[in-house]
Amino acid sequence: MVDYHAANNQSSTGGVQTYMEQENDWDRDLLLDPAWEKQQRKTFTAWCNSHLRKAGTQIDNIEEDFRDGLKLMLLLEVISGERLPKPERGKMRVHKINNVNKALDFIASKGVKLVSIGAEEIVDGNAKMTLGMIWTIILRFAIQDISVEETSAKEGLLLWCQRKTAPYKNVNVQNFHISWKDGLAFNALIHRHRPDLIDYDSLRKDDPVTNLNNAFEVAEKHLDIPKMLDAEDIVNTARPDEKAIMTYVSSFYHAFSGAQKAETAANRICKVLAVNQENEQMMEDYEKLASDLLEWIRRTIPWLENRTQEKTVNDMQAKQEDFRDYRCVHKPPKVQEKCQLEISFNTLQTKLRLSSRPAFMPSEGRMVSDINGAWHTLEGAEKGYEEWILSEIRRLERLEHLAEKFHQKAAIHESWTDGKEAMLTQKDYETSTLSEVKALLKKHEAFESDLAAHQDRVEQIAAIAQELNELDYYDSASVNTRCQKICDQWDVLGALTQSRKESLERTEKQLESIDELYLEYAKRAAPFNNWMEGAMEDLQDMFIVHNIEEIQGLITAHEQFKSTLPEANKEREAIQAIQAEVQKIAQSNGIKLSGANPYTTITPESIDNKWEKAMQMVPQRDSALQEELNKQNSNDTLRAKFATQANAVGAYIQAKMEEIGRISIEMNGTLEDQLTSLKDYQDTIISYQPEINTLEGDHQLIQEALIFDNQYTSYTMEHLRVGWEQLLTTIARTINEVENQILTRDAKGISQEQLFEYRASFNHFDKDHSGALQAEEFKACLISLGYDVENDKQKRSGQMVSDDFRALLISTGNSLGDTEFARIMSIVDPNGSGAVTFQAFIDYMSRETTDTDTADQVIASFKILAADKNFITADELRRELPPDQAEYCIARMAPYTGPDAAPGALDYMSFSTALYGESDL
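The residue count restarts for each chain, going from 1 along the sequence in the order it is written. A pLDDT threshold of at least 70 governs which residues receive local features in this predicted model, and a stricter bar of 80 or more applies before side-chain atom pairs are shown or counted, although totals over entire chains, interfaces and linings include all residues. The basis for every side-chain value is the complete set of non-hydrogen atoms in the structure, without hydrogens or water.

Digging into the overall build of the protein
Next up, step 1: Labels follow the DSSP assignment, with helices taken as runs of H or I lasting at least four residues and strands as runs of E lasting at least two, numbered in each case from the N terminus. Helix and strand counts for the protein come out as 35 helices and four strands.
Next up, step 2: Exposure classes here rest on a 1.4 Å probe applied to the protein chains alone. A residue is buried below 20% of its type maximum, exposed above 50%, and partly exposed in between. Residues counted as buried form 47% of the 921 residues belonging to the protein.
Next up, step 3: Should any heavy atoms of two residues lie within 4.5 Å, those residues are counted as being in contact. Pairs at least 24 apart in sequence give 74% of the contacts found in the protein among residues at least 6 apart.
Next up, step 4: Total accessible area on the protein stands at roughly 45300 Å², and carbon and sulfur atoms take up 50% of it. Per-residue and other accessible areas follow the Shrake-Rupley method at a 1.4 Å probe size, with only the shown protein chains counted as cover for residues.

Some details on the packing of helix α5 (residues 70–80) against helix α8 (residues 127–143)
Next up, step 1: Two elements in contact, α5 and α8, have axes separated by 11 Å at closest approach and are oriented at 10°. One element, α5, and the other, α8, form an angle in the roughly parallel class. Handedness of the crossing formed by α5 with α8: right-handed. Contact residues: α5 offers L72, L76, I79 and S80, while α8 offers M133, I137 and F141.
Next up, step 2: Nonpolar residues are Ala, Val, Leu, Ile, Met, Phe, Trp, Tyr, Cys and Pro. Charged residues are Asp, Glu, Lys and Arg, and all others, Gly as well, are polar. A per-class count over the contact of α5 with α8 returns six nonpolar, one polar and no charged. A fitted line through C-alpha atoms serves as each axis, taken over the contacting stretch for helices, and the angle formed by two N-to-C directions is quoted from 0 to 180°. Every angle not falling under 35 degrees, over 145, or within 65 to 115 is termed oblique; those three ranges are roughly parallel, roughly antiparallel and roughly perpendicular. For a crossing to be left-handed, the near helix must be turned anticlockwise from the far one by less than a right angle; the clockwise case is right-handed.

So, the pattern of salt bridges
Next up, step 1: The salt bridge definition used is simple: a Lys or Arg side-chain nitrogen within 4 Å of an Asp or Glu carboxyl oxygen. For the structure on display, the rule yields 50 salt bridges.
Next up, step 2: Close ionic contact of E77 with R83 constitutes a salt bridge, the shortest N to O distance being 3.6 Å.
Next up, step 3: Taking relative accessible area as the criterion, E77 reaches 17% and is therefore assigned buried.
Next up, step 4: When its relative accessible area of 73% is taken as the criterion, R83 is described as exposed.
Next up, step 5: Among the charged side chains, a network of salt bridges with common partners joins R327, K331, E379, E382, E386, E696, E718 and R721.

Observations concerning the packing of aromatic side chains
Next up, step 1: Working definition: rings of Phe, Tyr and Trp (its six-membered ring) pair if their centres are within 6.5 Å, and the pair is stacked with planes under 30 degrees apart, edge-to-face with planes over 60 apart, and tilted otherwise. Using the criterion set out here, one finds 31 aromatic pairs in the structure.
Next up, step 2: Relative to F345, the ring of Y286 has its centre 5.4 Å away and its plane inclined at 45°; by these criteria the two rings are tilted. Highlighted residues: Y286 in helix α14 (residues 257–305) and F345 in helix α15 (residues 313–354), separated in sequence by 59 residues.
Next up, step 3: With relative accessibility at 2%, the residue Y286 sits in the buried group.
Next up, step 4: Aromatic rings pair up to connect F176, W180, F186, F216, Y248, F252 and F256 into one cluster.
Next up, step 5: Between the NZ or CZ atom of K420 and the centre of the ring of W416, over which it lies, the distance is 4.8 Å.
Next up, step 6: A ring is scored as having a charge over it whenever the NZ atom of a lysine or the CZ atom of an arginine sits within 6 Å of its centre and within 35 degrees of its normal. The ring of F871 carries the charged tip of K869 above its face, separated from the ring centre by 5.7 Å.

Shown next, in the form of structure tokens:
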């Protein structure tokens with residue numbers, strides 16, 4: 001048989017042909033199941049009559065009544081709304097064939113490929129060919145236009161049925177045959193759209209005939225859908241005819257299409273509102289986290305700025321321990337919160353840009369820059385507090401040492417001055433012999449020498465007291481009182497000394513006898529005794545050193561002191577020899593000594609006792625110096641250990657910072673691959689945390705040892721902490737940037753190749769690898785992507801991969817003259833910094849090359865829900881939208897004030913424009 005319509009179908013639309021070829025699975029070998037043929041006859045006849053009734057006619061036998069082509073042409077005119085060529089009214093076979101061909105031509109003109117169906121078969125009453133032709137008409141005019149989420153007609157109709165019947169028990173629509181046998185699916189479709197017509201809960205799955213008849217009767221009576229199927233035929237057929245079921249179900253789809261349209265509009269509104277609600281929640285979360293972090297910083301800074309001085313080293317070390325607890329326990333979680341806050345802020349801004357919403361502006365004082373500024377202030381206060389604690393510990397150590405030294409020297413001086421006033425005020429010279437007076441005079445001269453020798457000690461005591469006052473020693477009052485008492489007593493001693501000297505000199509002319517040996521003894525014994533007391537003071541003197549050089553200096557000085565001991569011993573022996581000579585002369589000349597040396601109270605026994613005591617102190621001093629030397633050697637070991645680790649950590653942080661900079665520029669592969677690589681790289685960096693913890697432990701040992709300098713390294717723990725925090729923050733920001741690029745790509749539909757092209761162009765012009773383009777670099781980058789900056793009208797260079805973007809630029813006549821470039825810069829650099837980041841570059845390119853939801857689309861959706869009114873009511877919103885989103889709209893929509901306003905009317909137009917920042921909400 002000649003395929004009459006093959007030639008006509010060559011010019012038909014390709015997409016429609018493909019669709020019809022997929023759907024037209026008619027049995028070309030005429031092997032139709034008899035049960036199916038029966039169902040199709042009834043269903044197709046009912047379907048045709050549902051349309052022919054509109055023209056005032058119907059058919060009784062589908063293969064007989066279409067043979068002359070007249071009712072076939074009438075059916076096509078009714079369902080298409082178009083006029084066909086005038087039919088031929090003759091009764092001859094040729095007239096019938098011509099009429100049928102006119103109908104088939106009309107079907108072919110609609111893009112339908114009629115394979116093996118010719119006019120002769122229809123005119124001859126071929127039932128299977130006639131049924132096949134009617135099925136083709138049903139597909140084209142009743143089913144083809146059904147589309148749900150870009151699926152084919154059959155898949156779209158099936159998906160529509162699945163969604164509408166999903167909430168109903170015992171209904172699982174997977175096909176157009178056995179899924180409908182129990183009749184529950186038909187009842188569920190009706191109940192979903194008209195719950196007032198069906199009591200679904202009263203239906204039983206085991207009574208399919210009743211279920212089917214109930215659905216058919218309700219549809220015919222209330223929905224104007226003719227009964228096209230027979231319940232018994234469906235139940236008694238193992239696999240009901242798919243085409244009959246599809247034909248009948250399509251009638252339900254068209255009957256409820258109005259409700260479907262409203263549902264689509266509601267879905268669009270729900271989607272837009274869901275985005276808005278999610279963004280608002282992220283804004284609230286950001287505001288709360290920012291407020292909490294700023295409040296913590298506000299509470300912490302006064303504590304770090306508190307400079308209340310303590311009285312003892314132990315009290316200051318307790319403060320130091322509190323500060324260490326703050327550093328190790330309280331601050332790290334806040335560092336994480338700060339990093340998370342920046343990431344949340346960037347993610348929120350990206351989502352707002354992707355959904356064409358206005359950029360988020362946090363409350364005053366809660367910008368990321370404000371938080372960074374507050375954090376910088378916190379770290380400044382933290383550094384100052386740590387330096388103050390160390391300075392205070394040094395000061396208090398110095399004060400305690402000076403106070404001990406003061407009291408030691410004061411005690412020695414007070415011991416020396418004890419009884420001196422009584423001695424200087426006695427009148428013993430009035431009853432003494434000449435020799436005794438001369439002896440008293442000589443003794444007084446020796447006392448003056450002793451007094452002068454003690455002048456240095458008094459000056460030292462006063463100097464120490466002055467230094468304690470200058471260093472704000474907490475017990476300065478008692479020190480000043482004691483010092484003043486010593487100075488006052490010293491002045492009294494000076495005056496009394498001068499007075500006694502004058503008294504003795506008045507009687508000196510009467511005194512001639514003097515024992516030169518006693519005098520020589522006294523003169524030599526006094527300074528030697530003073531030297532021994534000074535040496536004993538030095539041997540008992542406390543010392544504080546901070547490094548090996550200082551202790552070695554003390555050891556050297558001690559060794560020099562020991563080298564003077566032989567000469568000092570000779571002097572002691574010489575002094576003792578004088579006393580021995582006195583005894584020898586007295587014995588030789590039979591002189592009876594009256595008692596002690598009249599010129600001095602220093603006895604040979606006291607000299608020997610002090611000498612022996614001094615000799616015992618020398619090895620004790622050796623031991624103390626050696627112990628301190630060992631301590632300083634240990635401290636130096638701690639310095640070297642810390643320096644080795646700190647130098648390694650510092651170099652690691654520096655290398656990783658540089659490496660991150662290179663990685664962010666040189667990354668290849670898909671964004672997901674880049675994200676995975678960056679997260680692996682982040683895990684590698686985080687795995688280095690134990691090294692930081694080890695270094696913290698070494699640093700704590702150094703602080704506990706009161707080590708304040710380290711010549712082996714230029715790194716401090718504070719520098720390394722800051723560097724480590726910057727390293728973690730940098731890799732987190734880089735990961736966040738790739739995540740935002742993925743969001744941009746997925747939301748805007750940008751291909752991986754486009755992103756690669758944008759990244760390659762951006763990196764090419766980012767000469768300094770700073771991650772941002774200056775204005776001229778950005779202009780050059782745009783030129784490389786197809787802009788012509790020399791002319792006022794846009795020209796294309798052909799270098800850009802995106803055909804969509806090229807078409808957009810050509811159609812809109814974009815220009816990169818000075819004015820146009822200034823406009824683009826205001827978009828990508830709203831703050832006027834003069835630099836364009838890669839994220840801003842991607843946002844601009846994606847905005848230029850993709851479409852997004854607009855305020856006009858949302859307004860159109862609301863207009864559908866409002867039944868074409870210029871306002872909408874609260875009841876309509878609650879009926880069409882989910883409860884939470886309906887209430888969200890009602891709470892934010894302003895009252896409608898137009899001339900056609902009704903009670904309770906709401907203005908959905910201003911609400912829609914406010915969602916996109918085009919007006920105030």
